[in-house]
Number of protein chains: 2
Amino acid sequence: MRTHFCGLVDEALIGQTVTLCGWTDVARNLGGVCFIDLRDHEGIVQVTVEPDAAEVYAVAEQLGYEDVLQVEGVVRARHSVNDKIRTGKVEVIASRITVLNKAAPLPFHAHENPGEDIRLQYRYLDLRTPDMQRKQRTRIKLVQALRRWLDGRGFQDIETPILTKATPEGARDFLVPARMHPGEFYALPQSPQLFKQILMVAGFDRYYQIARCFRDEALRADRQLEFTQLDMEFAFVEERDVQDTVEAMIRDIFKEVVDVDLAAQFPRMTWAEAMRRFGSDKPDLRIDLELQDVAELVKGSEFKVFSDWAEHPEGRIAALRVPAGAAFSRKQIDDYAAHAAKYGAKGLAYIKIGDDGAVNSPIAKFFSEDAFAALIKAIGLQNGDLVFFGAGKYNVVSDFMGALRLKVGKDTGRVAAGWAPLWVTDFPMFEWDEDAQRYVALHHPFTAPAVDDIADLRANAKTAVSRGYDMVLNGNEIGGGSIRIHRPDMQSTVFELLGIGAEEAEAKFGFLLDALKYGAPPHGGIAFGIDRIAALMAGTDSIRDVIPFPKTTSAQCLMTGAPSPIADEQLAEVHIQVRPRK
Amino acid sequence: MRTHFCGLVDEALIGQTVTLCGWTDVARNLGGVCFIDLRDHEGIVQVTVEPDAAEVYAVAEQLGYEDVLQVEGVVRARHSVNDKIRTGKVEVIASRITVLNKAAPLPFHAHENPGEDIRLQYRYLDLRTPDMQRKQRTRIKLVQALRRWLDGRGFQDIETPILTKATPEGARDFLVPARMHPGEFYALPQSPQLFKQILMVAGFDRYYQIARCFRDEALRADRQLEFTQLDMEFAFVEERDVQDTVEAMIRDIFKEVVDVDLAAQFPRMTWAEAMRRFGSDKPDLRIDLELQDVAELVKGSEFKVFSDWAEHPEGRIAALRVPAGAAFSRKQIDDYAAHAAKYGAKGLAYIKIGDDGAVNSPIAKFFSEDAFAALIKAIGLQNGDLVFFGAGKYNVVSDFMGALRLKVGKDTGRVAAGWAPLWVTDFPMFEWDEDAQRYVALHHPFTAPAVDDIADLRANAKTAVSRGYDMVLNGNEIGGGSIRIHRPDMQSTVFELLGIGAEEAEAKFGFLLDALKYGAPPHGGIAFGIDRIAALMAGTDSIRDVIPFPKTTSAQCLMTGAPSPIADEQLAEVHIQVRPRK
């Protein structure tokens, strides 16, 4: 139907007759001559229709936005060159225009932003815009580059099932009623975790998959019901084998896709250090603010919140110095306190030192002059600075002070340009869940502990460190992985410590325990969030921009109208019914 | 953990110390020396432990099948060379053996075939066998080659949703209850059909996806609940653009993956010709038997079945000549009749001509001598031959005579070696469904009719031909596609002819009709069955052999135990309950 792509017509074709297909980006009549910007996926070319071509001219005069055309014409050098586009030196003098499909008046135009709901409803129109085309192509290029990298290094792309077994451990499963087994259900995988471990047991050695995963969780701005991860697993490896390989991969891919040079060696940081310095297990190292622990310095103060938490075995008192922060207004400080409160802060103490050295602080009065001076000195507070203090349980303080650090850093323009990747390692093996009164796994129940000795793990479960690791980029956890447990006795022990009894373990994970029994190699792996990496590469905050057909935060597809009610007869076929509302 | 792969140790390494990891394929003590066949994904190498290495020897003596080892040793030239394996000229003299994971006694051994159920339950052991490794790798290689081919030609790999809208047209959907929308459901896609059409409307031009698809249908030997297709769509194309591109792709891929040269040009056949000559829309051209229409020749006979159907406007009387078929026993003929009956035959007439020319036929008596001779002559029946006759409705006769042709062809060794691809084209647009008293789409409701004129399509719906096409290989439909409808008025008309009222069309497919309205390019595409192509390439009849974790014909995963019962509280969260049994 066409001889060339619109966006690729150039001077080499001058004098030739071409047939083009595309959309009417805009059609206008200037001084009796019709000009059509004809657009396809490669770009735009100018089609010119002169009035002496009467039949063609009559067609051109009737064109509207987004009409789909087939145009035949001769390529000619253009009088007024447009340097902004590849085809800007030429035009096509139309000898024939066929309207392949007339477009109805559009609900909105490319240059408008009618709001995300309308954009999602008419996703096909939104995706036509150059900005969305660019974002989608960044994702396409990313996935292509990853595959080529992995294929070239002996990784095998292997499919794992979408209809699989429910594993109530972890996030909430999506359920699929089984027609052939009344009262039974498949579940959609939260990740191919167990299958990829099984593949290592099966001798596949190096596995990858660009895998669709599903979590029925509350949707936040950066979450989707279904998401895509680059899932990888390696047999016969230790941490550094996995880390060095995928670090090189990420570096190569950023260079290839967006021409970014990431650090030749990613910094490494233990979880404990990341929490201490940045109040986060995914610190954004582009921001040069750090937390400081000041419990020792404030434990003698009269301020009860400080003195109490300073003595508490699980307490933390952290300070965040904000250079030039003395300029913050009362309102700004209140807003920061409100922000910290969202992350668990009960209050936010501060000290301001004016440019003239004048102290402004609700807590100054609780300190002796010496102690106050020592505190100021230790924190390194200069004239014109401000410092925020958080006190409370260690993890709570870390969370809200970490969130505060991010917000202050962004608000005060302290986010350096560029890219800051790092490895976070040595995660705690378990977290104590107060509500459930049991341990939960910080990574997942298949993560190996750093110790090999079962008795040691049992004795020191509370402080045990795992062989998990995360790759962090600009404050986003873009990849998470671990060395897995490969011995059935260790796996059973970890299940037990997680409060999963032998019977329950057998029912849920019996096949894994079996597989570990029959010759499982040491193995480990990692999974990268494709949606997030694509968003970072495309320079957008929203992963919805790099997912072709995303769902809203209320879990709907505004284009197709999913989810939707289903006739009761159809539900009967799969042996379920809608539950009466209470 | 290792310096080399077991299967790649060769003479170049003689004298060097290597560290290997792998499985104990077999360990045996011959004349006081321990020999271990150490296996990894690349192959096997012989590890030798001499008694003077007392500590290592003690370990080696205790090894059992599938123990996972790390072995350090020096590579040495081997006395007795084994030419069958790549490592056959060397052995590794072990200086250290570490048992990384001891294997329990296995439920079965690689050389045994304990039956498919056991193999599926212990899939990880089954996948370790060289035969299964080879089959899985054929699939991996196929997918890799397809992607490389498509990436190199401007096709864009784009993801479409797995949680989408139910479309009751077509096969039965898998349903997923929506937690955030009580009483509503997502459905898993039967194919990305509508999304890929939408992508063309969105301007993506050339799309592909290795897409997981889902159909909740009765499982036959060659069906799975979830299956994988190479899904493709092209904007601004006609049939031959699609066909020529993908024909070249399939040819290149067969050459690359299995070194097979497919025909330089695939034969093309209309649906009508395929049904007439082979009784099938996916004829296996490797079999040199063909059907012949004999209604004209038998309409004067006294055999009422023949004379009735010969006059019937929808009747067919087809003959299948079987060279040397006179040797069939009465029992064999009965078996063939039973086989044809499974496909709808009410009976199967035949004529045998002995080597001596003697006629043996239950129907001979119904013919005049002249008519009988004319029939024999027209069919080309020789001494020693047999001919089967089928009479009835056109499609029914075609079906069972086509099935008979396949069976006779296979039983009598008339399946030529090699590969027989072809295109089948010009499918009927609609089939009349007697039960529902309405038309159903032979491809799907989005397939364009050959005529552009709506009035013409309405007037001649019964005989209308579609722009659909199938690629057939050795009797398997490996790909099916069509030019799609791109005009909203034509799409509405086809919905109407299929008995989908305006309101229903709007509710189910409103977003498609909208998309066609706002500038949809002419477009078309195709989808290839990856599981089937991989099975053909791997030389297996069962697609289960090329799916890493398949389900049984009763829709179960014997390894994980999916599907499984779910606690009622969990069902309550998604607002459903199991229906009481009646």
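These figures come from a predicted structure and were not determined experimentally.

Cut-off values and rules
- Residues numbered from 1 in each chain as written.
- Chains lettered and ligands numbered in written order.
- Predicted model: local features only at pLDDT ≥ 70, side-chain atom pairs only at ≥ 80, totals over all residues.
- Heavy atoms only, no water.
- Helix = DSSP H or I, 4+ residues; strand = E, 2+ residues; numbered from the N terminus.
- Buried < 20%, exposed > 50% of the residue type's maximum accessible area, 1.4 Å probe, protein only.
- Contact = heavy atoms within 4.5 Å.
- Lys, Arg positive; Asp, Glu negative; His and termini not counted.
- Charge placed at Lys NZ, Arg CZ, Asp CG, Glu CD.
- Pairing = 2+ DSSP bridges.
- UniProt positions renumbered as here; feature names shortened; annotations may be inferred.
- Least-squares fit on C-alpha atoms with pLDDT ≥ 70 in both.
- Phe/Tyr/Trp six-rings, centres within 6.5 Å; stacked < 30°, edge-to-face > 60°.
- Lys NZ or Arg CZ within 6 Å of the ring centre and 35° of its normal.
- Axes fitted to C-alpha atoms, helices over the stretch in contact; angles between N-to-C directions.
- Parallel < 35°, antiparallel > 145°, perpendicular 65-115°, else oblique.
- Left-handed = near helix turned anticlockwise from the far one by under 90°.
- Nonpolar A, V, L, I, M, F, W, Y, C, P; charged D, E, K, R; others polar.
- Domains from an automatic or database assignment.
- Buried area = accessible area lost by both parts, 1.4 Å probe.
- Salt bridge = Lys/Arg side-chain N within 4 Å of Asp/Glu carboxyl O.
- Polar contact = N/O pair within 3.5 Å; in protein donor to acceptor, adjacent residues only side chain to side chain.
- Core = buried A, V, L, I, M, F, W, Y, C linked by side-chain atoms within 4.5 Å.

(A) Seen up close, the overall build of chain A. If you tally the helices and strands in chain A, you get 17 helices and 24 strands. The principal-axis extents of the C-alpha atoms in chain A amount to approximately 95 × 75 × 55 Å. Counting only residues that meet the buried cut, chain A has 57% of its 582 residues in that class. Sequence separation of at least 24 residues holds for 68% of the intrachain contacts in chain A that already meet a minimum separation of 6. One finds the centroid of the 68 positive side-chain charges in chain A at a distance of 2 Å from the centroid of its 84 negative side-chain charges.

(B) Just the sheet that holds strand S8 (residues 184–187) of chain B, in detail. Taken in spatial order, the 3 strands of this open sheet run S23(A)-S8(B)-S7(B), and their pairing is antiparallel. The open sheet has two edge strands with one neighbour each: strand S23 (564–565) of chain A together with strand S7 (175–177) of chain B. Sheet topology places S23(A) next to S8(B); 2 bridges connect them, and they run antiparallel. Counted as the bridge partner of Pro565(A) is Glu184(B) from S8(B).

(C) Summary view of the UniProt feature "binding site: ATP" (unreviewed entry) in chain A. Residue and element names in this part refer to chain A. What UniProt calls "binding site: ATP" (unreviewed entry) maps, in this numbering, to Arg215, Asp216, Glu217, Gln224, Glu477, Gly529, Ile530, Asp531 and Arg532. Those residues in contact with Arg215, other than ones at most four positions away along the chain, are Ala171, Arg172, Phe174, Gln190, Gln224, Leu225 and Phe227. Along the chain, the position of Ile530 falls in helix H16 (residues 530–538). Ile530 gets classed as buried once you look at its relative accessible area, which sits at 0%.

(D) Inspection of the relation of the copies chain A and chain B at higher detail. Superposing chain A onto chain B takes a rotation of 180° plus a shift of 0.0 Å along the axis, which leaves an RMSD of 0.1 Å. Such a combination of turn and shift is consistent with a two-fold rotation axis. With an isologous cut-off of 70% or more, the 100% of interface residues of chain A that recur at the interface of chain B puts this contact in the isologous class.

(E) Region of interest: the packing of aromatic side chains. With the rule as written, the count across this model stands at 42 aromatic pairs over all chains. Centroid distance Phe328(A) to Tyr336(A): 5.2 Å. Interplanar angle 35°. Geometry classified as tilted. Judged by relative accessible area, Phe328(A) falls into the buried class, the value being 7%. Arranged with centres 6.3 Å apart and planes meeting at 85°, the rings of Tyr122(B) and Tyr124(B) form a pair that is edge-to-face. Tyr124(B) carries the same exposure label as Tyr122(B), and that label is buried. Each member of the aromatic cluster is reached from another via a ring pair, and the members are Phe303(A), Phe306(A), Phe366(A), Phe367(A), Phe372(A) and Phe389(A). Above the face of the Trp149(A) ring, Arg153(A) is positioned so that its terminal group lies 3.7 Å from the ring centre.

(F) Seen up close, the packing of helix H10 (residues 330–342) of chain A against helix H12 (residues 394–411) of chain A. Residue and element names in this part refer to chain A. Put simply, H10 and H12 touch, their axes get as near as 8 Å, and they point 140° apart. Put simply, H10 runs oblique to H12. Relative to H12, H10 is oriented so that their crossing is right-handed. On H12, the residues touching Tyr336, His339 and Ala340 of H10 are Phe400, Ala403, Leu404, Lys407, Val408 and Asp411. Across the contact of H10 with H12, the residue classes tally to 6 nonpolar, 1 polar and 2 charged.

(G) Just the domain arrangement of chain A, in detail. Taken domain by domain, chain A holds domain 1 (6–101), domain 2 (132–171 + 190–269 + 422–558) and domain 3 (287–415). Inter-centroid distance (C-alpha atoms) of domain 2 of chain A to domain 3 of chain A is 36 Å.

(H) Up close: the packing of helix H5 (residues 193–201) of chain B against helix H15 (residues 502–517) of chain B. Residues and elements named next belong to chain B. Between H5 and H15, the least distance of the axes is 10 Å, while the angle of their chain directions is 20°. The angle between the axes of H5 and H15 places the two elements in the roughly parallel class. Crossing geometry of H5 relative to H15 is assigned as left-handed. Judged by residue contacts, Leu194, Gln197, Ile198 and Val201 of H5 engage Phe509, Phe511, Leu512 and Ala515 from H15. Considered class by class, the residues forming the contact of H5 with H15 number 7 nonpolar, 1 polar and no charged.

(I) Local environment of the interface of chain A and chain B. Facing 125 residues of chain A, the contacting portion of chain B comprises 126 residues. Here chain A and chain B share an interface that buries about 10,900 Å² over both sides, 60% of which is from carbon and sulfur atoms. Area buried by chain A at its contact with chain B is led by Phe236(A), Tyr518(A) and Arg579(A), which between them contribute 8% of it. Glu573(A) is the partner of Arg172(B) in a salt bridge, and the nearest nitrogen-oxygen pair spans 3.0 Å. Counting the contacts that link chain A with chain B gives 60 residue pairs in polar contact (both at pLDDT 80 or more).

(J) Layout of unusual backbone geometry. All names here are of chain A. In the segment running from Ala562 into Pro563, the intervening peptide bond is cis, with an omega of -5°. Here Phe236, not a glycine, exhibits a phi torsion of approximately 55°, which is positive. Summarising the element assignment, Phe236 is placed in the loop between strand S10 (226–235) and helix H6 (239–258). Even without being a glycine, Asn474 presents a positive backbone phi close to 50°. In this fold, Asn474 is placed in the loop between strand S20 (468–473) and strand S21 (476–483). With relative accessibility at 8%, the residue Asn474 sits in the buried group.

(K) Molecular detail of the side chain of Thr129(B). All names here are of chain B. Position of Thr129 among the secondary structure elements: in the loop between helix H3 (123–126) and helix H4 (130–151). Since its relative accessible area comes to 10%, Thr129 is described here as buried. There is a polar contact of 2.8 Å between the side chain of Thr129 and the backbone oxygen of Asp126.

(L) Geometry of the nonpolar core. Membership of the largest hydrophobic core comes to 209 residues, with the highest contact counts inside it found for Met232(A), Met249(A), Phe528(A), Met232(B), Met249(B) and Phe528(B). Once residues lying within four places of it in the same chain are set aside, the contact partners of Met232(B) are Leu150(B), Phe155(B), Lys196(B), Tyr207(B), Tyr208(B), Val246(B), Met249(B), Arg484(B), Gly525(B), Ile526(B) and Phe528(B).

(M) Expanded view of the pattern of salt bridges. All names here are of chain A. Counted by the stated rule, this structure contains 102 salt bridges over all chains. Measuring nitrogen to oxygen at the nearest pair gives 2.7 Å for the salt bridge that ties Glu116 to Arg544. Here Arg544 lies in the loop between H16 and S23 and Glu116 lies in helix H2 (residues 116–121), a separation of 428 residues in the sequence. Relative accessible area serves as the criterion here: at 12%, Arg544 is assigned to the buried category. In this structure, Asp131 engages Arg134 in a salt bridge whose closest nitrogen and oxygen atoms are separated by 3.2 Å. Taken together, the positions of Asp131 and Arg134, both in helix H4 (residues 130–151) and 3 residues apart, correspond to about one turn of that helix. Judged by its relative accessible area of 36%, Asp131 falls in the partly exposed class. For Arg134, a relative accessible area of 41% translates into the label partly exposed.

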